[in-house]
Amino acid sequence: MLPSLNALSPFASSCFLERERERVELRALPALLALLLERERGGEAEATEMSKMAEEKAAAGGAAGAADAAQQQQLAAGEAAAARVRPLETLLRAAPLGLCVAAMAVMLKDQQTNEYGTVAYSDLGGFKYLVYANGLCAAYSLVTAFYTAVPRPATVSRSWIVFLLDQVFTYLILAAGAAAAELLYLAYNGDKEVTWSEACGVFGSFCRQAKTSVAITFGSVLCFILLSLISSYRLFSAYEAPPPSAVGNKGVEIAAYPR
């Protein structure tokens, strides 16, 4: 049991209080040291985390810069490819205009009358389809010839539109020419299985004029095929393999086009 402070002298009382204070400080020292160590460790962890965040931001900035540079290179490649093929493409887009108009005019005038009757192109659906297809392709050739002659910045969206339209009109005129050629084959040779006799022996002038129109149509088909190849070259010459970041988790590649 501690002695009463009133029973001690002032000097002894002050010594006793000093010892008690030192004892309390010694007891609190380990807790204080533990607190300081914990704060120091927390500061180191925070600094490490901030350093990692800075490195990630720097890496992301570098990747974005590389992606922008790659996109600029792809656009420049597309413009260079368009400049190389523009004169040839303009000429090829103007050529079907004259061919389609000529084929359409020849077929529109195709009519013959003799003692066996009258026959005209409008009596046969395949020949009417040929006239309509040549008219549409002539209009398309006129529009795209003007479009190609004027230099424009190469973009993938425009290249896709021209490529798809070239495909559509190529198949359109090809189908029209094939249908008309089949009619001409039946008119010249007939079909014995269904007892169709050949008709060009009676309407020879009509068949020759139709044959001329079909031959001119296939000339325009050749031009449209070449145009499809040029537009596909212009589109896919600017394409590059996607970067590793564009590859999915399962290794499936995702096509990345510049926009």
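Thresholds, definitions, all that
Residue positions within a chain follow its written sequence, with the count starting from 1. With the structure being a predicted model, the display of local features is reserved for residues of pLDDT at least 70 and the display and counting of side-chain atom pairs for 80 or more, all residues being used for whole-chain, interface and lining totals. The basis for the side-chain values is all heavy atoms of the structure; hydrogens and waters are excluded. Helix numbering and strand numbering both begin at the N terminus, where a helix is a DSSP run of H or I of at least 4 residues and a strand a DSSP run of E of at least 2. A simple rule labels every residue: compare its accessible area, found with a 1.4 Å probe on the protein chains alone, to the largest value its type can have, and call it buried under 20%, exposed over 50%, or partly exposed in between. We call two residues contacting when some pair of their heavy atoms lies within 4.5 Å. UniProt positions are given in the numbering used here, feature names are shortened, and annotations may be inferred rather than shown by experiment. By definition, disulfides here are pairs of cysteine sulfur atoms that lie within 2.5 Å. One bridge is not enough; two strands pair if DSSP finds at least two bridges between them. Pairing of aromatic rings covers Phe, Tyr and Trp, the last through its six-membered ring, and needs centres within 6.5 Å; plane angles under 30 degrees mean stacked, over 60 mean edge-to-face, and all others mean tilted. In this analysis an axis means a line fitted to C-alpha atoms, helices contributing only their contacting stretch, and an angle means the value between N-to-C directions, from 0 to 180 degrees. Each crossing gets its handedness from the near helix: less than a right angle anticlockwise from the far helix is left-handed, clockwise is right-handed. Ten residues, namely Ala, Val, Leu, Ile, Met, Phe, Trp, Tyr, Cys and Pro, are considered nonpolar, four, namely Asp, Glu, Lys and Arg, are considered charged, and the remaining ones, Gly among them, are considered polar. Among buried residues, the Ala, Val, Leu, Ile, Met, Phe, Trp, Tyr and Cys ones that are joined through side-chain atoms within 4.5 Å form a nonpolar core.

### Overview of the overall build of the chain
Counting its regular elements, the chain contains four helices and two strands. When the elements of the chain are put in sequence order from the N terminus, they spell out α-β-β-α-α-α. Put simply, the chain has 259 residues, and 27% of those count as buried. Contacts in the chain between residues at least 24 apart in sequence constitute 77% of all its contacts with a sequence separation of at least 6.

### A look at the UniProt feature "transmembrane region" (unreviewed entry) in the chain
Mapped onto this numbering, the UniProt entry annotates "transmembrane region" (unreviewed entry) at residues 91-109, 129-150, 162-188 and 214-236. Annotated as 95% helix and 0% strand, the span residues 91-109 places its first and last C-alpha atoms 28 Å apart. Annotated as 100% helix and 0% strand, the span residues 162-188 places its first and last C-alpha atoms 39 Å apart.

### Points about the state of the cysteines
A covalent bond between the sulfur atoms of two cysteines is what we call a disulfide. Enumeration according to the criterion identifies one disulfide in this entry. Each sulfur in the disulfide pair Cys-200 and Cys-207 lies 2.0 Å from the other. The sign of the -90° torsion about the S-S bond sets the Cys-200-Cys-207 disulfide as left-handed. As far as burial versus exposure is concerned, Cys-200 and Cys-207 are alike and both buried. Summary of cysteine pairing: Cys-100 is not part of a disulfide, and the nearest cysteine sulfur, belonging to Cys-137, is at 5.1 Å. Of the residues examined, Cys-100 reaches a relative accessible area of 0% and is grouped as buried. On the basis of relative accessible area, Cys-137 is assigned to the buried category, the value being 0%.

### Overview of the pairing of strand E1 (residues 111-114)
Where E1 and strand E2 (residues 117-120) come together, four bridges link them in antiparallel fashion. Its bridge partner lying in E2, Asn-114 is registered against Gly-117. If you look at the hairpin formed by E1 and E2, you'll find two residues sitting between the two strands.

### Here we look at the packing of aromatic side chains
In this structure the tally under the stated criterion is six aromatic pairs. An angle of 55° between the planes, with centres 6.0 Å apart, marks the rings of Phe-127 and Phe-206 as tilted. Of the two residues, Phe-127 sits in helix H2 (residues 125-149) while Phe-206 sits in helix H4 (residues 204-236), which places them 79 residues apart along the sequence. Pair check on accessibility: Phe-127 and Phe-206 agree, each one buried. With a centroid separation of 5.9 Å and 85° between ring planes, the pair formed by Trp-160 and Phe-236 is classed as edge-to-face. Highlighted residues: Trp-160 in helix H3 (residues 156-189) and Phe-236 in helix H4, separated in sequence by 76 residues. In this structure Trp-160 comes out as partly exposed when scored by relative accessible area, which is 29%. Judged by its relative accessible area of 37%, Phe-236 is partly exposed.

### Considering the environment of Gly-125
Structurally, the position occupied by Gly-125 is in helix H2. As for Gly-125 and Ala-180, which are separated by 55 residues in sequence, their C-alpha atoms are 8.8 Å apart.

### A word on the packing of H2 against H4
In contact at an axis separation of 11 Å, H2 and H4 are set at 35° when each is read in the N-to-C sense. In the crossing of H2 with H4, the sense of the turn from one axis to the other is left-handed. Contacts between H2 and H4 involve Phe-127, Leu-130, Asn-134, Cys-137, Tyr-140 and Ser-141 from the former and Phe-206, Ala-210, Ser-213, Val-214, Thr-217, Ser-220 and Phe-224 from the latter. Along the lines of polarity and charge, the residues of the contact of H2 with H4 split into eight nonpolar, five polar and no charged.

### Details of the side chain of Ser-220
Tracing the backbone shows Ser-220 in helix H4. Look at Ser-220 and you get buried, because its relative accessible area is 0%. Other than its neighbours up to four places away in sequence, Ser-220 contacts Pro-96, Leu-99, Cys-100, Asn-134 and Ile-173.

### Observations concerning the nonpolar core
The biggest cluster of nonpolar side chains holds 28 residues, and the ones touching the most others in it are Met-107, Phe-127, Leu-130, Cys-137, Ile-173, Phe-206 and Phe-224. Elements with a contribution of two residues or more to this core: helix H1 (10-108), H2, H3 and H4. Counting residues per element, this core draws most heavily on H4, at eight residues.

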